[in-house]
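Structural overview for review
The primary structure of each chain is shown beneath.
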Amino acid sequence: MQQSEHSGDLQRIQVKVFLERPVGFSGDPFIAILDRWRAEDNAAAAPAQPWIDFVDYAHVKDGPGILLVGRELQLSLDLGDGRVAITLRGRRDLLGTDTERFTWALRRALATTNRALADATCPPGLAPSHLELELSVNDRLDFAPGPETEARLRGPIHATFDACLGAGAYTSIALPAAAARYGYVARSLAPRALSTAFGG
Amino acid sequence: MTTASLDLFAPPSGSNGTTGIRSSAARFADIDPAMKADLEVYEAQLRRMFEGKVPDGVFLELRLRYGVYGQRQDGVQMIRVKIPLGLLTLEQCIALADLADEYADGISHVTTRQDIQYHNVDIRDTPELLRRLAHVGITTREACGNAVRNVTGCPLAGVCTGESFDITPYANATAQFLLRHPDTQDFGRKFKIAFSGCASNPCGLTGIHDIGAIARIQDGKRGFKVVIGGGLGSVPHQAKVLYEFLEADQLLPVCQAISRVFALHGNRKVRSKARFKFVVEKLGLNKTRESIEAELPKLPHDARWTEEFVTQEALLPAEALKPPSTLDVGAQSPAFQRWYRTNVIPQKQAGYGTVQLFLPLGDISSDQLRALVALARGYVKEGIRLTVEQNIVLRFVTLADLPALHAALEPLGLALPGAETIADVTACPGTDSCKLGIASSRGLAASLHDHFVANGEAYDDVKDLRIKISGCPNSCGQHHIANIGFFGSSRRVGDHVAPVFQIVLGGTTQENGKSYGMAMGKVSSHKVKDVVERLASTYKRDRTGQEESFTDFVGRIGKVKTKEILEDLTEIESYEARPELYRDNRAPREYGVNVGVGECAGGIVSQVEFLLDDADRGIWQATLHLDALQRTEAFTAAREAMRTAAKALLTTKGYLLSDRFDLVTEFKKTFVDAGKFFAAYFDHLATAEQDDPAALTDEALRFRVEWATLFVEEAHVAYGRQ
Ligand code: SF4
């Protein structure tokens, strides 16, 4: 059993699906896109209201971008590190084994990315070339970078990458210390479409 | 159930027990005992609230006392983290960055009162979040609610060339002394204290606080000029001088006595009249002073009155990491020189500079904050300070290090030039998260930021102008003390409602916020940029010389001329002609209420709009009369404007102007009692009906005109809501 020594409850999973940043890119269309998702999803889920509101941090350089804040998770057009990513940040209420939780979060982030790219108002040129994915944990209390967290989560993270990208079909590197969270970024060896993730 | 089986678009839920409260109490057993006790109470009450054992109202006041504030959006909270004087160690900065990432949006927002705010926090996470703050010595206790809020002070205290002495230990001692003090636990409203090292510079803004303390030395002794009863809010009050000089060791007992007077005399029934400024107004300055002095002998001696200063002085040494040095600024790059001119302040300690980091909208990401800490360790020893301009300062940077520091800040997005210039726009949260917001102050600030980034050099000659924006008349964005201020309102045009901003001109942050601006008419939220451009270029062209300030310039040319200059920008075109005017800045959807078309109420709509326009004109006339010292005319025009606005709204409920009815009674019944008109603004009409203008002081007369402005604005907003 993978988490025998470490009792932390894995909730704050963060997934990034990196996209190529087109020249002159502006994330502003995502204000309307995320707000439309909020309205559509809340109507579909009524009376539950999974989404609370969108938040605009586009004025912060290389910041969290434009966010859709939900009760259990946040989605965003993320502008961190000068790159562009669709990011999912889990907040609470995930269930299952660690691998199941990572897998659910990654599938959800990929589905969100597909939904964004299929939107008629999505900025042109925004697409992945290689599949480049971050799986990390935004929880420094229970999952600070270090040997204990590595012992517990390295396996589940790479099992999730294997299922998504195919074992041996990607390289992975640990997040640098400056990121201040535990996790890995995987990049497919060859250019790939989003549709090929998890075996297409 | 496992996540693998879940619908991708329906996040899983229902685990984590009945409440899902995150506590971590056992892991943080070693925190300060007072903070620990606070958090035990908070968590116990939160749990009881979830179990339905605490009335909502009781829990509301409790959570406010712990800095947990409801947002406009249901289900998430804003957390206000109290940072006395904005002083943070680098370790505390790291903790703040981590907590922003884990519990909020990855953003720490610096407020105009040197706090940090997190947004969109799940209330169930708050016990753990607050414990993690306590673990690094930070409390949110009394950050919100009816309490002594964060004590603020000049970020340059101790390094400023113009200060009388360093106010840091005194301000921090005041914050610590009044925190949880029994005499500050029974207020009817919030209470704000600020310190300034000198009388002339704006950093302390003591004139807009309940207590302002300005450092002075008299006969070789340290002390303070103490002012009381200031405050912005919808109707701003200038603080009045309680003591020209109060010896430093009297400061804490006097603050304690003032707290007792506020607790004893504050209005607890009418929230809009509950601030201390209304106590001073009601009692008068002399009677207030007598009441304070009557409390002083009752106070049991407290050793902290003097010892706390010594404790704080020892805790907060002002130290440099490196020896002083020199720098040939002219030999550096143009980009550096531009940044140096606006963002570096020479210190009184030769060879050192204070660097101001300009944060657009007061926001800093967790990545930026961590990177800043890593960088700062190589340049400074004492940590950072947050400023009331929503920026960050690094002090005691040896001058020779400035080019390297600038180069290192650049890739972090923290080397923007223009700190405390026209480009450094202050904004409250507005409709982004505040329940009272009417228009998007942050959306407007973000749009202006883009404008200044693109056109910054065009404003070089007028860079000292300051712009401040509030999302409603309440002035959390401090629009009254801006050279060019704006507060949010709305206008209904036909079947659509447009977000607008009232232009407020003539205020200043100088001399601790010594003068307040007056409303000058409103403009679509999309035309604010044009108003700023027009005002700046006219000032640049027509001022009598470099020494004429913008406030003096506006006063010299007068309201009529200023209004003429802006006249063509104040039109709000129809929805059909310019639909974008009916959507707020950076907003995804149409603003306000669309009531549809084709109703037979068309005639009534045109009448209400006609009357509301009349009321606007009445307000304008009142301000002109006020300027011309035509007291009775000013009062009458203001009162008539309110009456006209009230009649306008009543016409929408089937009242005819020819009907005979008691306006105040009917308006109260139809709008105020029905919760459709803000009761505090209605009081202004009721009061005006009783007033004798000849008996009013000049300040009271100005209040009447301001009240009328607020009443008419509220009428527009109420009409927009229909
Ligand atoms: S000024 Fe108004 S909108 Fe802005 S924070 Fe204050 S109450 Fe809210």
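Residues numbered from 1 in each chain as written. Chains lettered and ligands numbered in written order. Predicted model: local features only at pLDDT ≥ 70, side-chain atom pairs only at ≥ 80, totals over all residues. Heavy atoms only, no water.

**So, the overall build of chain B**
We apply this condition: Strands are runs of DSSP state E lasting at least two residues, helices are runs of H or I lasting at least four, and both sets are numbered from the N terminus onward. Radius of gyration here is computed from C-alpha atoms only, and the compact-globule reference equals 2.2 Å multiplied by the residue count raised to the power 0.38. The criterion used for residue contact is that any of the two residues' heavy atoms lie within 4.5 Å. Only the protein chains shown count as cover for residues, and all accessible areas are computed by the Shrake-Rupley method using a 1.4 Å probe. Charge assignment: positive for Lys and Arg, negative for Asp and Glu; neither His nor the chain ends contribute. The location of each charge is read from NZ of Lys, CZ of Arg, CG of Asp or CD of Glu.
Scanning chain B from N- to C-terminus turns up 21 helices and 20 strands. Relative to the globule expectation of 27 Å for 722 residues, the C-alpha radius of gyration of chain B, 26 Å, shows essentially globular dimensions. For chain B, long-range pairs separated by at least 24 residues make up 70% of all intrachain contacts whose partners lie at least 6 apart in sequence. Carbon together with sulfur atoms contributes 53% to the accessible area of chain B, which is approximately 27,000 Å² in total. Within chain B, one finds 83 positive and 91 negative side-chain charges whose respective centroids are separated by 3 Å.

**A word on the site of the ligand**
Convention followed: We define proximity as follows: a residue is near a molecule or strand when any one of its heavy atoms falls within 4 Å of that partner. Ten residue types, Ala, Val, Leu, Ile, Met, Phe, Trp, Tyr, Cys and Pro, are classed as nonpolar, four, Asp, Glu, Lys and Arg, as charged, and the remainder, Gly among them, as polar.
The full set of residues close to the ligand is Cys428, Pro429, Gly430, Cys434, Leu436, Gly437, Ser470, Gly471, Cys472, Asn474, Ser475 and Cys476 of chain B. Within the shell around the ligand, the residues separate by chemical class into six nonpolar, six polar and no charged.

**Some details on the sheet that holds strand E8 (residues 211-218) of chain B**
Residues and elements named next belong to chain B. This is how the line gets drawn: Paired strands are those between which DSSP finds at least two bridges. Axis lines are fitted through C-alpha atoms, for helices just across the contact stretch, and the angle between N-to-C directions can take any value from 0 to 180 degrees.
The five strands lie next to each other as E6-E7-E8-E9-E10, forming an open sheet whose pairing is mixed. The open sheet is flanked by strand E6 (152-153) and strand E10 (240-247), the only strands paired with a single partner. Relative to E10, strand E9 (residues 221-228) runs antiparallel, the two being bridged by five bridges. Looking at the pairing, Phe224 lines up with Leu246 of E10. Running at roughly 40° to E10, helix H8 (residues 285-295) makes contact with E9 and E10 of the sheet.

**Structural notes on the packing of helix H6 (residues 251-265) of chain B against helix H7 (residues 276-283) of chain B**
Residue and element names in this part refer to chain B. Inclusion rule: Here is the rule for angles: anything less than 35 degrees is roughly parallel, anything more than 145 is roughly antiparallel, 65 through 115 is roughly perpendicular, and the remaining ranges are oblique.
Interhelical geometry of H6 versus H7 gives an angle of 80° and a closest axis separation of 10 Å. Accordingly, the angle class assigned to the pair H6 and H7 is roughly perpendicular. Where H6 approaches H7, its residues Ile258, Val261, Phe262 and His265 are matched on the opposing element by Phe276, Val279, Lys282 and Leu283. Of the residues in the contact of H6 with H7, the class split is six nonpolar, one polar and one charged.

**Some thoughts on the pattern of salt bridges**
Residues and elements named next belong to chain B. Short version of the rule: Salt bridges are identified by distance alone: a Lys or Arg side-chain nitrogen within 4 Å of an Asp or Glu carboxyl oxygen. To sort residues, take the accessible area from a 1.4 Å probe on protein chains only and compare it with the maximum for the residue type: under 20% means buried, over 50% means exposed, and anything in between is partly exposed.
Going through the model one piece at a time under the given rule, you end up with 75 salt bridges over all chains. A salt bridge links Glu247 to Lys221, with the nearest nitrogen and oxygen atoms 3.6 Å apart. Here Glu247 is found in strand E10, whereas its partner Lys221 is found in strand E9, with 26 residues between them in sequence. Taking the relative accessible area as the measure of exposure, Lys221 reaches 43% and is therefore partly exposed. Of the charged contacts, one joins Arg643 and Glu640 as a salt bridge, the two residues approaching to 2.6 Å between their closest N and O atoms. Of the two residues, Arg643 and Glu640 are both situated in helix H18 (residues 631-651); the distance of three residues between them amounts to about one turn of the helix.

**Some details on the side chain of Asp401 of chain B**
Among the structural elements, Asp401 of chain B can be located in the loop between strand E15 (392-398) and helix H12 (402-409). If we ignore the near neighbours within four places in the chain, the residues touching Asp401 of chain B are Lys322 and Tyr379 of chain B.

**What to know about the confidence of the model for chain A**
One rule of thumb: low pLDDT means the predicted coordinates there are not for detailed reading. As a reminder of what qualifies: Per-residue confidence from the predictor is given as pLDDT, running between 0 and 100.
Within chain A, residue pLDDT values average 93, and 98% of them lie at 70 or more. Least confident of the elements in chain A is strand E2 (residues 51-57) of chain A, whose mean pLDDT is 94; most confident is strand E7 (residues 170-174) of chain A, at 98.

**A short note on the sheet that holds strand E5 (residues 116-121) of chain B**
Residue and element names in this part refer to chain B. Spatially, five strands are ordered E1-E2-E5-E4-E13 in an open sheet, and the strand pairing comes out antiparallel. Bordering the open sheet on either side are strand E1 (68-70) and strand E13 (363-365), each of which pairs with just one other strand. Strand-to-strand twist in this sheet, taken as the mean axis angle between neighbours without regard to direction, amounts to 30°. Here two bridges tie strand E4 (residues 107-110) to E5, and the two strands are oriented antiparallel to one another. If you follow His109 over to E5, its bridge partner there is Gln117.

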